[in-house]
Structure formats: structure tokens, C-alpha cells
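The residues making up each chain are set out below.
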Amino acid sequence: MSPRTHLRIEEADPRRRGRARGQRLGADIARGWRTYSELFEVAAAARGVTLDVPALALRSLAATRAWAPELADEVEGVAEGAGVPLWVAAALNARTEILAAAGTPRAGECSTVVRAGVLGGQTWDWHEELADGWHLQSVRGDTVAFTGITEHGILAKIGLNEAGVGVLFNILGHADDGADGVPVHLVARKVLGGARSYAEAVAILTEAPVSASTVVTVVTADRAACVELSPAGAAVITSDLTMPDGSSWLVHTNHFADPALAAGEFRGRAEPETYDRARLLAGRIRHGWRLDDADDLAALLTAHPGDGAEICCHASADGRLGTRWASLATIAVEPRAGRLMVHDGGPCSAHPSAWIALPPC
């Protein structure tokens, strides 16, 4: 496997930041867009709906400009730098919202676990066809510098900033989901580039006018919370499990934990495997599983169907686009150490020398 691209950007002006991203990743952005364009078509056809992707993308960009104009400027810069239409850059950043508008159920997806004050991490599960569609990044020039992983053309996803605020990312589904709000990936980007504390991160998240659902897990040196976002509102969950040693843990997969938001659940009822993954992780924690470093995280997240749930996903060889799920990356965030660890692949293939350590910048 060739080394994963590590994009480094240092620009104070948002449009210039975006332009630098687009220029350096132009060919990758075009290749990723071809896959997403096909994926949008497949998703729409599966539900018998018509998606006007350019209109949906530009609507999401308008919502972003009303909420955080600097992020809209940055997306415009990506389009300019990559030489693609503005709506293409907007659609990439709003890919979650466009897929939500199609209403397509999705089996699998990410699993997150946090030992508060020590470490948080997750699998990033997505379509195998996009296994080459992401990169490492270190970004300076905004209020706070940050590092992490993201897809080509998308401003941010999972990361840690120099103030010690980390974000993890799981998609959810609500009956009210659509594509006319601020993209959840841009909400994560605003946290990474602007939040200097746990409180600031939670405030940004809970005030974001989203139209598709996700849970962004905030991890800092002394606090953590799963912040569930949806068009129906937001909920802040600060603890799932408290162990006899006093340690506090959070587990989140791809269904709502907040009872009020769960009343509008779209994904979980149709895809009960998300509950199986949550139960397996909680059970392992209750039986005394350690979580002190990235290798402990990989062991905790290594589970296949014979273990009671598939946390580490492997794509079938004969599946079609839209069905071939794989754990593309495993990520550990260590706020106290100011370090983000990335393994290029699922947790079952991780070992001590396979991790890439990224400082906040």
C-alpha cells in the first residue's frame, strides 16, 4: 500500500485555504466525485426517488453561508483550486445530507468508544470503493490549528486540535433528515478549527442548524460527551457506563441514545446490528477491558460476526456499489498527549508499528 497522503495547509484566509486544498488534491477530488456521483445515483434508484444533486448541494452551501460564511468561502476555494463546479465541491461536503435525502438505509458503519480523560477512538466504516478517497491533514490558519483525517474535498471529519479538543464521528438517521441544512462534516470542521474547550465545542454542535443526523463525540483531557444532532434537536450524553474503579465510558454506534430523538429513529429500527455492536462493546467494558492506548482500542474494536457483532467490517468480494462496507481506518484520540493515532485499515489488522501518530499540527 502506498503511503497515505498527508495534506498540510497554512493559510489565514478561508478561500485561500480551500484553494490550496483543491490545487493539491485536484485529481483525487475528481476521482472521488466520480464515485460519489455514481453512489448518489444508486442510492436514489434503490428508493425510487429523484435527486437534484446540484440543487441540494447549493442549498446546503447557502445554509452554511448563513451560519458560518467562512466555511462557505473555504468550500468555494476548494472548487476554484480543483477546477470543479461549485456545486460539486458543495456536494462532496454535503454527501451525508444528499444520501439522507435519498433515504437509503445503510448496514454497518462506525463504532465509537471513549474512556473519559484517557482515550477515545473509533472505526471509520464506509464504502470499499472509497478506500483510496481519504487523506491525513494538518491545517493551520484558522482560530485553532488541527489535524486528523478526511475525504478528498471535504474540509474535515475526525480530528484533534491544538487546544486538546478531539471529535469522533458516527452517522445517525432520523425520519426528518434531508439536505437543506449545514452539512455535518462542516459542523465538525467548525469545532476543530474554532473550539478551544469542551464547552465551546458542545455549544457549536448544539447550535448548528443541521438537516441530517449524526453524533459527534467530543473528547478532551478531562471530559467527553456524545452530542447527537438531528433536525429534531440535539442531545448531550455524558456517560453510558461508570465502572467500579470510577472510570467513565461512552459507547456509540449508529442509533440514537436520547429517548426523545430515538422516537424519530430511521436507521436503528431497520438495521438492528447497530444495537448488537453497542451491546458487545458495553459488555466487553463491563468485563474489565483495558483502554490505555491505541493497541487496547484496536483489540476492543476487533469483532466479527462470529463474536456477536461485526465491528470490524470487511467488504464482500462480489457486492455492488452501496453494499460493500469496510473499516477503512481506525482512529485513536489522546487529548492529554496531544496526539491522534491513525491505522490505515480495520482494527483487526492493527499492530504497534502500524499506527501513524499525528500531533495537533
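Residues numbered from 1 in each chain as written. Predicted model: local features only at pLDDT ≥ 70, side-chain atom pairs only at ≥ 80, totals over all residues. Heavy atoms only, no water.

Novice: I keep staring at the overall build of the chain and nothing clicks. Help me out?
Specialist: Along the backbone of the chain there are twelve helices and 15 strands. The globule rule puts the C-alpha radius of gyration for 361 residues at 21 Å, and the 18 Å found for the chain is close to it. Viewed in the frame of its principal axes, the chain has a C-alpha envelope of about 55 × 45 × 40 Å. The buried share among the 361 residues of the chain stands at 60%. Expressed as a percentage of contacts within the chain between residues at least 6 apart in sequence, the contacts between residues at least 24 apart total 67%. Surface exposure of the chain reaches about 13000 Å², of which carbon and sulfur atoms provide 50%. Taking the average location of the 33 positive side-chain charges in the chain and that of its 44 negative ones, the two points are 3 Å from each other. (Helix = DSSP H or I, 4+ residues; strand = E, 2+ residues; numbered from the N terminus. Rg over C-alpha atoms; globule rule 2.2 N^0.38 Å. Buried < 20%, exposed > 50% of the residue type's maximum accessible area, 1.4 Å probe, protein only. Contact = heavy atoms within 4.5 Å. Areas by Shrake-Rupley, 256 points an atom, 1.4 Å probe, with all protein chains shown as cover. Lys, Arg positive; Asp, Glu negative; His and termini not counted. Charge placed at Lys NZ, Arg CZ, Asp CG, Glu CD.)

Novice: Can you walk me through the sheet that holds strand E10 (residues 233-237) in this structure?
Specialist: In sheet architecture, strand pairing relies on hydrogen bonds along the backbone and comes in two forms, parallel and antiparallel. Read from one edge to the other, the open sheet built from eight strands follows the order E1-E4-E5-E6-E7-E8-E9-E10, with strand pairing classed as mixed. The open sheet has two free edges, formed respectively by strand E1 (6-10) and E10, since each of these has just one partner strand. Within the sheet, the average angular offset between the axes of one strand and its neighbour, ignoring direction, is 20°. Against the sheet, helix H1 (residues 14-24) engages E1, strand E4 (134-140) and strand E5 (146-151), with an angle of about 150° to E1. (Pairing = 2+ DSSP bridges. Axes fitted to C-alpha atoms, helices over the stretch in contact; angles between N-to-C directions.)

Novice: Where do I start with the sheet that holds strand E14 (residues 339-343) in this structure?
Specialist: Reading across the sheet, the seven strands line up as E11-E12-E2-E3-E13-E14-E15 and stay open at both edges, with antiparallel pairing between neighbours. Only two strands of the sheet have a single neighbouring strand rather than two, namely strand E11 (241-242) and strand E15 (355-358). Across the sheet, helix H12 (residues 294-301) touches strand E2 (112-115), strand E3 (119-127), strand E13 (325-334), E14 and E15, and the angle it forms with E3 is around 50°.

Novice: In this structure, what is going on with the side chain of aspartate 28? I would like to understand it.
Specialist: The topology assignment puts aspartate 28 in helix H2 (residues 26-47). Only 2.3 Å separates the side chain of aspartate 28 from the side chain of arginine 31, close enough to count as a polar contact. (Polar contact = N/O pair within 3.5 Å; in protein donor to acceptor, adjacent residues only side chain to side chain.)

Novice: Sorry if this is basic, but what is going on with the environment of valine 139 here?
Specialist: As for its placement among the helices and strands, valine 139 is situated in strand E4. Look at valine 139 and you get buried, because its relative accessible area is 2%. Taking the C-alpha atoms as reference points, valine 139 and isoleucine 204, 65 residues apart in sequence, are found 19 Å from one another.

Novice: Is there a simple way to think about the layout of surface pockets in this case?
Specialist: The method is simple in principle: a probe with the dimensions of a water molecule rolls over the atoms, and the space it marks as empty is what remains. Here the largest pocket defines a volume of roughly 210 Å³. Around the largest pocket, the lining comprises 18 residues; the ones closest to its centre are Glu128, Ala326, Ser327, Leu328 and Gly345. In terms of residue count, the dominant contributor to the lining of the largest pocket is E13 (three residues). Classifying every residue of the lining of the largest pocket by side-chain character gives nine nonpolar, five polar and four charged. (1 Å grid on protein atoms, 1.4 Å probe; cavity = no way out; pocket = protein on both sides within 12 Å on 5 of 7 lines; lining within 4 Å. Points joined across faces, edges and corners; volume = space filled by probe spheres on them. Nonpolar A, V, L, I, M, F, W, Y, C, P; charged D, E, K, R; others polar.)

Novice: Is there a simple way to think about the packing of helix H3 (residues 53-67) against helix H4 (residues 69-82) in this case?
Specialist: Any two packed helices are characterised by the angle at which their axes cross and by the distance between the axes. Interaxial distance between H3 and H4 falls to 5 Å at its minimum, and their mutual angle equals 135°. The pairing of H3 with H4 is recorded here as oblique in orientation. Contacts between H3 and H4 involve Leu61, Thr64, Arg65 and Trp67 on the former and, on the latter, Pro69, Leu71, Ala72, Asp73, Val75 and Glu76. For the contact of H3 with H4, a count of residues per class yields six nonpolar, one polar and three charged. (Parallel < 35°, antiparallel > 145°, perpendicular 65-115°, else oblique.)

Novice: Would you mind going over the side chain of histidine 252 with me for this structure?
Specialist: Counting through the fold element by element, histidine 252 comes out in strand E12 (residues 248-252). For histidine 252, a relative accessible area of 4% corresponds to the buried category. Setting aside chain neighbours within four positions, we find histidine 252 in contact with Cys110, Ser111, Thr112, Asn170, Leu172, Val215, Cys226, Glu228 and Ala257.

Novice: Looking at this structure, I do not really get the packing of aromatic side chains. What am I missing?
Specialist: Geometry of an aromatic ring pair is reported as the spacing of the ring centres plus the angle between the planes. The tally for this structure, following the rule as stated, stands at five aromatic pairs. Consider the rings of tryptophan 124 and tryptophan 134, whose centres lie 6.0 Å apart with planes at 90°: the pair is edge-to-face. Of the two residues, tryptophan 124 sits in strand E3 while tryptophan 134 sits in strand E4, which places them ten residues apart along the sequence. Take tryptophan 134: its relative accessible area is 1%, and that puts it in the buried class. Here a set of aromatic residues connected by ring pairs shows up, and it is made of Trp33, Tyr36, Phe40 and Trp87. The ring of tryptophan 126 has arginine 95 sitting right over it, with the charged end atom 3.8 Å from the ring centre. It is lysine 190 that lies over the ring of tryptophan 67; its NZ or CZ is 5.5 Å from the centre. (Phe/Tyr/Trp six-rings, centres within 6.5 Å; stacked < 30°, edge-to-face > 60°. Lys NZ or Arg CZ within 6 Å of the ring centre and 35° of its normal.)

Novice: Mind showing me how you'd approach the nonpolar core here?
Specialist: Soluble globular proteins: nonpolar side chains tend toward being buried together. Counting residues in each nonpolar core, the largest one holds 95 residues, and the members touching the most others are Trp124 and Ile149. If one sorts the elements of this core by residue count, H2 sits on top with seven residues. Leaving out residues up to four positions away in the same chain, isoleucine 149 has contacts with Trp124, Trp134, His135, Leu136, Lys157, Ile158, Ala329, Ile331 and Val342. In terms of nonpolar packing, the next biggest core, distinct from the first, is built from 24 residues, Leu241, Ala282, Ile285 and Ile311 among them. (Core = buried A, V, L, I, M, F, W, Y, C linked by side-chain atoms within 4.5 Å.)

Novice: Would you explain helix H5 (residues 86-93) in this entry?
Specialist: Residue pairs spaced three or four apart in an α-helix point in one direction, given the helix's 3.6 residues per turn. The buried count for H5 comes to six of eight residues, which makes it a mostly enclosed element. Of the surrounding elements, those touching the buried residues of H5 are H2, H3, H4, helix H6 (95-102) and helix H7 (184-194).

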